[in-house]
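# Close look at the chain arrangement
The chain contents come next:
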Amino acid sequence: MTRPDALHNRPFFRPEAEAHRRHRHLGEVDLARPMSVRLAFLLPILASLLLLAMAAGITLRTRMVPVVTPERLEGGAIRLVVAQARGASLSRGDAVELQTGSGRRIAAATVIGLAPVPCPATGKSGCTAVLARPDATLDGSQTMEAVAVLRGRPARYFRFFDGFMSSRGE
């Protein structure tokens, strides 16, 4: 009786089975590489920074609706009464814009004075009288009665960047 060969000299499977295993019937296997962890963290951070940079460039203009009909004063000035919270955004020397209710521009004006006054409807304090001088003389078609909106000066949405930009000399 002969002794069989040692296992390390013989293949574990038959040669036909080995040949069949080496042939890929459905093509090569491509493993998808997972996204890099750095990239997974950087994408949201970069998107947030981009949105912040875009928001820093946005300028807003305070919209104030007069409480009463604007009055003409002597010397060409006008007086508008607005809510105190809205009037707080104005200061003397600011450029403002007078508009109709539909948003049509009537004239540009400069604020020459601000004063706290009682609100006409309630008689209680809480309103601000804005004295403004239009930059151009208004003709008859541009009567003060048409003024329904007072637009304040443009201001950045993120005021933090105003100080940063002015310190750099821009």
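Structure first, text after, so check above.
Since the structure is predicted, the reported quantities are computational estimates derived from the model, not experimental observations.

## Brief notes about the pattern of salt bridges
- Taken as a whole and assessed by the stated rule, the structure comprises 1 salt bridge.
- A salt bridge links Arg 14 to Glu 16; its shortest N-O distance comes to 3.8 Å.
- You can call Glu 16 exposed: its relative accessible area is 52%.

## What to know about the state of the cysteines
- Summed over the entire model, instances satisfying the criterion amount to 1 disulfide.
- Paired by a disulfide, Cys 119 and Cys 127 hold their sulfur atoms 2.0 Å apart. The chirality of the disulfide connecting Cys 119 with Cys 127 is right-handed, given an S-S dihedral of about 100°. Both residues of the pair, Cys 119 and Cys 127, count as buried.

## Describing the nonpolar core
- Within the largest apolar cluster, 15 residues are counted, with the highest numbers of intra-cluster contacts made by Leu 80, Leu 90, Val 96, Leu 98, Val 130 and Leu 150.
- Looking at this core, the elements with two or more residues in it are strand E3 (78-83), strand E4 (95-99), strand E5 (105-118) and strand E6 (125-134).
- The element that contributes the greatest number of residues to this core is E5, accounting for 4 residues.
- Dropping the residues within four chain positions of it, Val 96 is found in contact with Leu 90, Ala 107, Ala 108, Ala 109, Val 111, Leu 150, Arg 151 and Gly 152.

## Looking at the side chain of Glu 97
- With respect to the secondary-structure elements, Glu 97 resides in strand E4.
- Separated by 2.8 Å, the side chains of Glu 97 and Gln 99 make a polar contact.
- If near-sequence neighbours (up to four positions away) are discounted, Glu 97 is found in contact with Arg 61, Arg 105, Ala 107, Ala 108, Val 149, Leu 150 and Arg 151.

## Description of the side chain of Thr 128
- Mapping Thr 128 onto the fold places it in strand E6.
- If near-sequence neighbours (up to four positions away) are discounted, Thr 128 is found in contact with Leu 80, Val 81, Val 82, Ala 83, Gln 84, Gly 87, Leu 114, Ala 115, Pro 116 and Val 117.

Calculation criteria
- Residues numbered from 1 in each chain as written.
- Predicted model: local features only at pLDDT ≥ 70, side-chain atom pairs only at ≥ 80, totals over all residues.
- Heavy atoms only, no water.
- Salt bridge = Lys/Arg side-chain N within 4 Å of Asp/Glu carboxyl O.
- Buried < 20%, exposed > 50% of the residue type's maximum accessible area, 1.4 Å probe, protein only.
- Disulfide = S-S within 2.5 Å.
- Core = buried A, V, L, I, M, F, W, Y, C linked by side-chain atoms within 4.5 Å.
- Helix = DSSP H or I, 4+ residues; strand = E, 2+ residues; numbered from the N terminus.
- Contact = heavy atoms within 4.5 Å.
- Polar contact = N/O pair within 3.5 Å; in protein donor to acceptor, adjacent residues only side chain to side chain.

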